[in-house]
Amino acid sequence: MKTLKIATYNVNGIRSRLPQLLQWLQREAPDIVGLQELKSVDAGFPLAELHAAGYGAVWMGQSSWNGVALLAKGCDPVESRRGLPGDPRDTQSRYIEAMAHGVLVGCLYLPNGNPRPGPKFDYKLDWFARLQRHAQQLVALPHPVALIGDFNVVPTDADIYNPASWRRDALLQPESRQAYAELLAQGWTDSLRQVHGERRVYTFWDYFRQHWQRDAGLRIDHMLLNPPLAARLRDAGVDRWVRDLPHASDHAPTWVAVGASSARVATAASAKPKRGDRSAGGKPKGSKAKKTPRTAASGATALAEKAATRAKRKTTASAAATSSTPKQATKTTRATKATKATTPKAQTPKAQTPKARKPRAATEAPPKPTRGTKRRKPPLLPPGEGGA
DNA sequence: ATGTCATCATAGTGATGA
């Protein structure tokens, strides 16, 4: 129970994916969540539903495309930045950063970059360079920092079912991989790789040609930890069962479990929000419109440190305010009911992930149910008959 | 090149991005 679960999930449209998102939150109860591809304007963000599920949020929307958000269980994330520094002309909503549960989290949606070559690929590399500059500030902070999201990079050929068919794709280009490698070289730990070693781990299966059914996946959603946070890394995995839901996103939620480093964090992590309204620090939904657009201007480091200090105080207060409410209270939400009604709770997530039956990339490690947060097992359906 | 899915435009399909 002394763990903090941080997750990233490219929802591919938060409004159309809301039922799946809520079901996942209910079942896995991550403490911090980065979301990408909201594909919604700010006004369309489903804050009330997330509040009802026990989460506070900050978000940066955009019409039709992109859009990122950070959720925190039982409190409001304290925003420290929206948008990457370095290019005022960049209007795409691809980066948001906030403090929650004692961790500074940068949530990013890196440009896809296709087709290549072309302006989109140039934009990708330019964005990547700006990310590197900002990440250099973050990695060196004495505070725990996580950089999570959809990086749109397959780091190596071991991170894809078959590199040959994607060789010309922007996700596999040497420039993309080089930029990712340079990022890691700053001192970040690639959590999934760290935990799973040589085993294959995928986080994305596109909608084409029954790639999910064939477990023809890619690892492009990453969770990078700076040294203070990496020292606490305990486990990491992919909630594959979410990818198997009807009308699923083409990504699956990806998570890390880190040990709580102090009583303060432990308290925050165990704070179970009740439902709705007073989710965060006791704030009613109505007042929630107070997203904090404080931003650029100050240096990343100073900003982050300020945010850290500020958020720590706030998180402590929030946790104290909400810690008396048992999480059990949320079990009666409609999301849960829907879950129960539709999910055959079958197999153990341990020995057999959905891909247990799968032929080739069969080495992937099943997500371990070993951290403290879960009490029910996900319904893991084999991805496949359909395929190939 | 293909395939599927979500969005927004437009007014039942079409364009765009992934």
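Bear in mind the structure is a predicted one, so any value in this text is a computation, not a measurement.

The rules we used
- Sequence order as written defines the numbering, with residues in each chain counted from 1.
- Whichever chain is written first becomes A and whichever ligand is written first becomes 1, with later ones labelled in order.
- Thresholds applied to this predicted model are a pLDDT of at least 70 for local features of residues and 80 or more for the giving and counting of side-chain atom pairs; totals over whole chains, interfaces and linings are not thresholded and use all residues.
- No hydrogens and no water enter the side-chain calculation; it runs on all heavy atoms of the structure.
- Each helix is a run of DSSP H or I of at least 4 residues and each strand a run of E of at least 2, with the numbering of both proceeding from the N terminus.
- The classification of residues rests on relative accessible area computed with a 1.4 Å probe and restricted to protein chains. Under 20% of the type maximum is buried, over 50% is exposed, and intermediate values are partly exposed.
- At least two DSSP bridges between two strands are needed for those strands to be called paired.
- Here the axes come from fitting lines to C-alpha atoms, over the contacting stretch only for helices, and the angles between their N-to-C directions go from 0 to 180 degrees.
- Here, two residues are considered to be in contact whenever any of their heavy atoms come within 4.5 Å of each other.
- Throughout this description, the term nonpolar core refers to a set of buried Ala, Val, Leu, Ile, Met, Phe, Trp, Tyr and Cys residues connected via side-chain atoms within 4.5 Å.
- By the criterion applied in these results, polar contacts are pairs of N or O atoms within 3.5 Å in which, for protein atoms, one can donate a hydrogen and the other can accept it, and in which residues neighboring in sequence qualify only through two side-chain atoms.
- Working definition: residue near molecule or strand if any one of its non-hydrogen atoms lies within 4 Å of it.
- Residue polarity follows a fixed list, in which Ala, Val, Leu, Ile, Met, Phe, Trp, Tyr, Cys and Pro are nonpolar, Asp, Glu, Lys and Arg are charged, and the others, Gly among them, are polar.
- UniProt positions are given in the numbering used here, feature names are shortened, and annotations may be inferred rather than shown by experiment.

### Focus on unusual backbone geometry
Step number 1: Residue Pro115 is bonded to the preceding Asn114 through a cis peptide linkage, with omega at -5 degrees.
Step number 2: Position of Pro115 relative to the elements: it lies in the loop between strand E7 (103-109) and helix H3 (119-139).
Step number 3: Put simply, Arg116 and Pro117 share a cis peptide bond, and its omega is -5 degrees.
Step number 4: Of note, Pro117 is situated in the loop between E7 and H3.
Step number 5: Residue Lys39 is not a glycine yet carries a positive backbone phi of 55 degrees.
Step number 6: Tracing the chain through its elements places Lys39 in the loop between strand E2 (32-36) and helix H2 (47-52).
Step number 7: Residue classification places Lys39 among the partly exposed positions, given a relative accessible area of 29%.
Step number 8: Even without being a glycine, His101 presents a positive backbone phi close to 50 degrees.
Step number 9: Mapped onto the fold, His101 is located in the loop between strand E6 (95-100) and E7.

### Considerations on the sheet that holds strand E4 (residues 68-73)
Step number 1: Pairing is mixed in the open sheet, where 6 strands are placed in the order E3-E4-E2-E1-E12-E11. For this open sheet the edge positions go to strand E3 (55-60) and strand E11 (233-238), each flanked by a neighbour on one side alone. In this sheet, neighbouring strand axes are inclined to one another by 15 degrees on average, regardless of whether the strands run parallel or antiparallel.
Step number 2: As paired strands, E3 and E4 are joined by 6 bridges and run antiparallel to one another.

### Points about the sheet that holds strand E10 (residues 221-225)
Pairing between the strands of a sheet comes from backbone hydrogen bonds, and it takes one of two forms, parallel or antiparallel.
Step number 1: A sheet is described by the order of its strands in space; here 6 strands give the open sequence E5-E6-E7-E8-E10-E9, paired in mixed fashion. Since the sheet does not close on itself, it has two edges, and those belong to strand E5 (78-82) and strand E9 (189-190), each with one partner.
Step number 2: Contacting E5, E6, E7 and strand E8 (145-150), H3 crosses the sheet at an angle of about 20 degrees to E6.
Step number 3: Relative to E10, helix H4 (residues 174-185) is tilted by about 25 degrees, and along the sheet it contacts E9 and E10.

### What about the nonpolar core?
If you look at soluble globular proteins, the nonpolar side chains tend to sit buried side by side.
Step number 1: Core analysis: the biggest nonpolar cluster contains 42 residues, and Ile6, Val103 and Leu218 have the highest contact counts within it.
Step number 2: The element best represented in this core is E7, accounting for 4 residues.
Step number 3: Each residue touching Leu218, except ones within four places of it in the same chain, is listed here: Val154, Asp159, Ile160, Tyr161, Trp166, Leu171, Tyr202, Thr203 and Phe204.

### Quick notes on the side chain of Arg130
Step number 1: With respect to the secondary-structure elements, Arg130 resides in helix H3.
Step number 2: A polar side-chain atom of Arg130 sits 3.0 Å from a polar atom in the side chain of Asp90.
Step number 3: Beyond its immediate stretch of four places on either side in the chain, Arg130 contacts Leu84, Pro85, Gly86, Asp87 and Asp90.

### Some details on the protein's contact with DNA strand B
Step number 1: In the vicinity of DNA strand B, 16 residues are found, and the nearest of them are Arg17, Ser64, Tyr207, Phe208 and Arg209.
Step number 2: At a separation of 3.4 Å, a phosphate oxygen of DNA strand B approaches a polar side-chain atom of Arg15.
Step number 3: One nitrogen or oxygen atom from the side chain of Arg17 is found 3.1 Å from a phosphate oxygen belonging to DNA strand B.
Step number 4: Split into classes, the residues belonging to the surface near DNA strand B amount to 4 nonpolar, 6 polar and 6 charged.

### Remarks on the pairing of E3
Step number 1: The buried fraction of E3 amounts to 6 of the 6 residues, a majority that puts the element mostly inside the structure.
Step number 2: Burial along E3 is two-sided: the residues Tyr55, Ala57 and Trp59 and Gly56, Val58 and Met60 are all buried.

### Let's talk about the UniProt feature "site: Important for catalytic activity" (unreviewed entry) in chain A
Step number 1: On the UniProt side, "site: Important for catalytic activity" (unreviewed entry) is annotated at positions that read Asp221 here.
Step number 2: By secondary structure assignment, the location of Asp221 is in strand E10.
Step number 3: Ignoring any residue separated from it by four or fewer positions in sequence, one finds Asp221 in contact with Thr8, Asn10, Gln36, Gly149, Asp150, Thr203, Phe204, His251 and Thr254.
Step number 4: Polar contacts involving the side chain of Asp221 include one to the side chain of Thr203, which spans 2.6 Å.

### What to know about the UniProt feature "site: Transition state stabilizer" (unreviewed entry) in chain A
Step number 1: Feature annotation in UniProt places "site: Transition state stabilizer" (unreviewed entry) on Asn152, given in this structure's numbering.
Step number 2: Assignment of secondary structure puts Asn152 in the loop between E8 and H4.
Step number 3: By relative accessible area, Asn152 is classed as buried at 4%.

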